[in-house]
Amino acid sequence: MKKKSLILFWFIYCLFKVDTGFSQCVSYDVHACIDVVDLLHVQGNQMWWVHQGGSNPGQHSSCSGDVLSVNGTPWGNWSTPFTLSGVTECMDMTSSVTQCSNVCALVQAPSGSNGWETIYRFDDSGPSAAHNYKINFTYCPTAITPTLTFTISAPACAGNNINFTYTGTAGSTAVYNWDFGDGSPLSAVQSPSHIYASPGTYNVSLDITDCGVTTGPTVVGVTVSTPPSSTFTVTSPVCIGTNATITYNGTGGVGDSYTWDFDSGTIVSGSGQGPYTVNWPGAGTKNITLTVDANGCVSPLTTDSVIVSPTPISIFTAPAGKCLGGNSFNFTAGGNFLSNSTFLWTFANASPATSTLQNPVGIVFSTVGYHTVSITFIKDGCVSNTYVDSVLIYPMPLADYSVTNVCLNQIMNFNDLSAVSSGTVSSWSWNFADSSSLGSTQNINHTYTNPSTYPVSLIVTTNNGCKDTIIKSAVVHPPPDAKFGTTNVCLGENTLFTNLSTIPSTDTIQSWTWNFGDGSALITTQNVSHLYAAVGSYTVQLLTVSSFGCADSITSISIVNPKPAVNYTAVDTTGC
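Description of the structure in this document. By convention here, each chain's residues receive numbers from 1 onward along its written sequence. In view of the model being predicted, local features appear only for residues whose pLDDT reaches at least 70, and side-chain atom pairs are presented and counted only at 80 or more, with totals across whole chains, interfaces and linings using the full set of residues. Excluded from the side-chain calculations are hydrogens and water; all other atoms, namely the structure's heavy atoms, are used.

1. As for the overall build of the protein chain
Note the threshold: For the purposes of this entry, the term helix denotes a DSSP run of H or I that reaches at least four residues, the term strand denotes a run of E that reaches at least two, and both are numbered from the N terminus. The classification of residues rests on relative accessible area computed with a 1.4 Å probe and restricted to protein chains. Under 20% of the type maximum is buried, over 50% is exposed, and intermediate values are partly exposed. Residues are treated as being in contact if the distance between any of their heavy atoms lies within 4.5 Å. Each accessible area is a Shrake-Rupley result for a 1.4 Å probe, and residues are judged covered by the shown protein chains and nothing else.
A count of helices and strands for the protein chain gives one helix and 49 strands. Residues classed as buried in the protein chain amount to 36% of the 576 residues present. Sequence-distant contacts in the protein chain: of pairs separated by 6 or more residues, those separated by 24 or more amount to 59%. Summing over all exposed atoms, the protein chain offers an accessible surface of approximately 30000 Å²; the carbon and sulfur share of this is 53%.

Written out as structure tokens, the structure is:
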């Protein structure tokens with residue numbers, strides 16, 4: 001009686017389906033003869049048999065006739081799914097087991113694209129003979145009239161995602177057709193999202209097709225507002241350790257929400273809209289991003305890249321020290337500068353005191369000691385470190401010597417008096433200006449062979465290579481050329497001595513000293529006469545001395561002749 005009631009129910013159900021304009025119900029009878037545990041799966045318009053035993057159903061010796069058939073047609077290739085013709089996804093299925101010789105079960109579980117799957121389990125694994133089973137499947141068409149309601153997320157802003165959420169009812173196979181009213185492609189997503197490129201009012205329509213029946217469309221107007229802009233500027237250049245200023249210049253208001261990302265930069269100051277002061281600890285390209293939220297209307301993401309340059313490194317190699325006299329230095333910039341970098345050199349106690357050349361030349365320092373030199377350059381707007389070194393200026397020696405003028409053929413002594421404020425005088429070079437070899441000892445003697453005034457130069461050199469020269473006049477005085485003239489006389493007569501001595505015009509004869517060779521007193525007049533007391537030859541010496549003290553003497557023989565003896569006899573020739 002129960003079986004007849006079930007069949008009557010499905011007959012009335014299917015008849016109702018036909019009366020509402022749908023196709024008639026479709027029935028399938030599946031017959032099976034098994035003697036093991038088997039499973040029969042039905043899903044959508046396919047049916048397949050899962051045989052748990054070691055042999056095909058057709059090999060069961062206890063079964064006669066068709067072991068496996070559908071509506072009386074043998075299902076020969078039972079391992080391949082059997083297609084149920086006339087069955088679509090828009091069909092409702094009912095089933096009943098009209099013959100069950102042993103344990104059987106019906107399980108219907110949600111699964112797959114149709115939302116359901118029916119599994120029958122047959123257990124004839126005992127020692128009893130095989131049993132016959134018969135299952136009836138009945139498919140009747142069904143359709144659901146969907147409702148066309150949906151919500152729109154707020155606020156609706158150009159450039160932002162707007163969510164359209166379907167809130168109606170529709171079948172699982174329903175096809176959705178959204179038209180956003182801006183010429184963009186249609187969407188078949190149940191609850192899509194959409195971005196309007198421009199603000200304005202748009203008519204959004206939705207229709208739904210389910211089991212071949214289209215419902216709708218329904219049209220809803222949506223007003224899309226203009227979101228705030230998120231543009232900003234960054235001061236440049238940006239260098240490690242220096243602050244960059246980021247200034248918002250968009251259309252957002254002071255009370256809007258600003259989301260900044262400074263790419264690991266440290267915010268020194270600023271909040272909200274800004275402006276911000278930011279610095280970065282490392283070099284490289286930094287991406288700054290900003291979005292502005294005006295009561296839920298979010299601006300497009302704005303990204304601006306800023307290059308953070310490394311701190312330029314300046315350096316130079318200080319030249320070796322030089323002497324104060326005539327020093328001139330050239331400097332060469334070092335570091336990671338570019339060809340278009342600008343430079344600033346400073347030189348303490350020098351001329352010039354500054355330079356903007358990359359490699360300045362001809363820098364002269366005016367005082368002795370260490371003098372600081374610094375360099376700074378600007379590369380791509382970034383200021384380098386200030387590198388400082390120093391150059392050493394050595395003191396000049398003061399060359400000097402003492403000398404005593406001499407007479408010809410006398411030894412002249414040269415005594416070094418040179419000095420230096422620091423360091424030592426380490427070498428001497430004497431030039432006596434008479435074609436003789438140079439002298440190299442600190443103190444030196446020299447003998448000239450000709451009287452004259454000689455410009456004697458002394459070059460002294462310090463242990464740091466600094467030189468100074470002094471030239472002094474060394475005078476070699478000539479001696480007088482002593483000469484005199486005399487005549488021989490007779491005893492009783494004065495002998496005249498005439499000075500004939502000479503001397504170069506640079507000097508004069510200062511004194512004359514006569515020695516007459518007879519033991520008489522010396523006479524110091526220029527010309528003199530002398531009376532010898534006795535006849536004889538006398539060695540007479542004249543000593544002449546110049547005004548400088550140079551002397552010369554000469555000797556000569558002076559003869560005093562005796563007078564003749566007068567003797568005669570007189571004859572008296574007068575008579576008396």
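2. Re the sheet that holds strand 47 (residues 528-531)
As a reminder of what qualifies: Should DSSP find at least two bridges between two strands, the strands are regarded as paired. Axis geometry follows a simple rule: fit a line to the C-alpha atoms, using only the stretch in contact for helices, then measure angles between N-to-C directions, giving values from 0 to 180 degrees.
Judged by pairing direction, the sheet is antiparallel, and its three strands sit side by side in the order 43-45-47 without closing on themselves. The open sheet has two edge strands with one neighbour each: strand 43 (484-486) and strand 47. Ignoring strand direction, the axes of neighbouring strands in this sheet form an average angle of 25 degrees. In this structure, strand 45 (residues 494-499) lies alongside strand 47, joined through four bridges in antiparallel fashion. Looking across to strand 47, one finds that Asn-494 is bridged to Leu-531.

3. A short note on unusual backbone geometry
Note that the residue after Ala-154, namely Pro-155, is joined by a cis bond; omega there is -5 degrees. Cis geometry marks the peptide bond from Ser-351 to Pro-352, where omega comes out at -5 degrees. By the element assignment, Pro-352 lies in the loop between strand 30 (350-351) and strand 31 (354-355). Residues other than glycine seldom take positive phi values, yet Asn-295 does so here, at roughly 55 degrees. Tracing the sequence through the fold places Asn-295 in the loop between strand 23 (284-294) and strand 24 (297-298). Judged by its relative accessible area of 75%, Asn-295 is exposed.

4. Section: the pairing of strand 19 (residues 244-248)
On strand 19, burial follows the alternation: Ala-244, Ile-246 and Tyr-248 on one face are buried, whereas Thr-245 and Thr-247 on the facing-out side are not. Pairing between strand 17 (residues 232-234) and strand 19: three bridges, direction antiparallel. Residue Val-234 lies in a different strand from strand 19, and its bridge partner there is Ile-246.

5. Details of the pairing of strand 29 (residues 342-347)
Burial along strand 29 is one-sided: the face carrying Phe-343, Trp-345 and Phe-347 is buried and the face carrying Thr-342, Leu-344 and Thr-346 is not. In this sheet, strand 33 (residues 369-379) lies alongside strand 29 in antiparallel orientation, the contact comprising six bridges. Counterpart to Thr-346 in the pairing with strand 33 is Ser-374. Alignment of strand 29 against strand 31, held across two bridges, turns out to be antiparallel. Note that in strand 31 the partner of Trp-345 across the bridge is Ser-355.

6. Things to note about the side chain of Asn-279
Position of Asn-279 among the secondary structure elements: in strand 22 (residues 276-279). In contact with Asn-279, not counting residues within four places along its chain, are Thr-242, Asn-243, Gly-265, Thr-266 and Val-268.

7. Digging into the nonpolar core
For clarity, the cut-off: The nonpolar core is taken to be a set of buried Ala, Val, Leu, Ile, Met, Phe, Trp, Tyr and Cys residues, with the residues joined through side-chain atoms within 4.5 Å.
If you look at the biggest cluster of nonpolar residues, it comprises 22 residues, and the most contacted ones within it are Leu-40, Met-47, Trp-49, Phe-122, Phe-137 and Tyr-139. Elements supplying a minimum of two residues to this core: strand 1 (26-34), strand 2 (37-43), strand 3 (46-51), strand 4 (68-70), strand 7 (91-100), strand 9 (117-123) and strand 10 (131-141). Core analysis: the next-biggest nonpolar cluster, separate from the first, contains 20 residues, Leu-408, Val-425, Tyr-448 and Val-476 among them.

8. Thoughts on the packing of aromatic side chains
Note the following rule: Ring pairs are drawn from Phe, Tyr and Trp, using the six-membered ring of Trp, whenever the two centres fall within 6.5 Å, and their geometry is named by plane angle: stacked under 30 degrees, edge-to-face over 60, tilted for the rest. For a Lys NZ or an Arg CZ to count as sitting over a ring, it must be within 6 Å of the ring centre and within 35 degrees of the ring normal.
All chains considered together, the criterion is met by 32 aromatic pairs. Each ring, one from Tyr-248 and one from Tyr-258, has its centre 5.1 Å from the other, and the planes form 75 degrees; the classification is edge-to-face. Of the two residues, Tyr-248 sits in strand 19 while Tyr-258 sits in strand 20 (residues 257-261), which places them ten residues apart along the sequence. Here the two residues Tyr-248 and Tyr-258 agree in accessibility, since each one is buried. Centroid distance Trp-260 to Phe-262: 5.4 Å. Interplanar angle 15 degrees. Geometry classified as stacked. Phe-262 matches Trp-260 in its accessibility class, with the two residues each being buried. Note that Lys-322 overlies the ring of Phe-329, its terminal NZ or CZ placed 4.9 Å from the centroid.

9. Points about the pattern of salt bridges
Rules: Criterion for a salt bridge: a side-chain nitrogen of Lys or Arg within 4 Å of a carboxyl oxygen of Asp or Glu.
Counted by the stated rule, this structure contains two salt bridges. Residue Asp-481 pairs with Lys-483 through a salt bridge whose shortest N-O separation is 3.8 Å.

10. Overview of the side chain of Asp-416
We apply this condition: Positive residues here are Lys and Arg, negative ones are Asp and Glu, while His and the chain termini are left out of the count. Whenever two N or O atoms come within 3.5 Å, that pair is a polar contact, provided that in protein one can donate a hydrogen and the other can accept it, and provided that, for residues adjacent in sequence, both atoms are side-chain atoms.
Among the secondary structure elements, Asp-416 is positioned in strand 38 (residues 411-416). The charged side chain of Asp-416 is buried without a salt bridge, its nearest counter-charge being Lys-472 at 9.4 Å. At 2.7 Å, the side chain of Asp-416 and the side chain of Ser-418 are in polar contact. Once you skip the residues sitting within four places of it in the chain, Asp-416 turns out to touch Asp-400, Tyr-401, Trp-428, Trp-430, Gln-442, Asn-443, Leu-458 and Val-460.

11. A look at the sheet that holds strand 40 (residues 444-447)
Spatially, three strands are ordered 36-38-40 in an open sheet, and the strand pairing comes out antiparallel. The strands lining the two open edges of the sheet, one partner per strand, are strand 36 (401-403) and strand 40. Between one strand axis and the next, the sheet turns by 25 degrees as a mean value, whatever way the strands run. In this structure, strand 38 lies alongside strand 40, joined through four bridges in antiparallel fashion. Counterpart to Phe-414 in the pairing with strand 40 is Ile-444.

12. Description of the environment of Gln-410
The topology assignment puts Gln-410 in the loop between strand 37 (406-407) and strand 38. Since its relative accessible area comes to 39%, Gln-410 is described here as partly exposed. Separated by 39 residues in sequence, Gln-410 and Thr-449 place their C-alpha atoms 9.1 Å apart. In terms of polar contacts, Gln-410 uses its side chain to reach the backbone amide nitrogen of Cys-407, at 2.8 Å.

13. A closer look at the environment of Asn-249
Mapped onto the elements, Asn-249 comes out in the loop between strand 19 and strand 20. Along the chain, Asn-249 and Gly-274 lie 25 residues apart, while their C-alpha atoms are 9.8 Å from each other. Non-local contacts of Asn-249, meaning those with residues more than four positions away in its chain, are made with Thr-231, Phe-232 and Thr-233. Polar side-chain contacts of Asn-249 include one of 3.2 Å to the backbone nitrogen of Phe-232.

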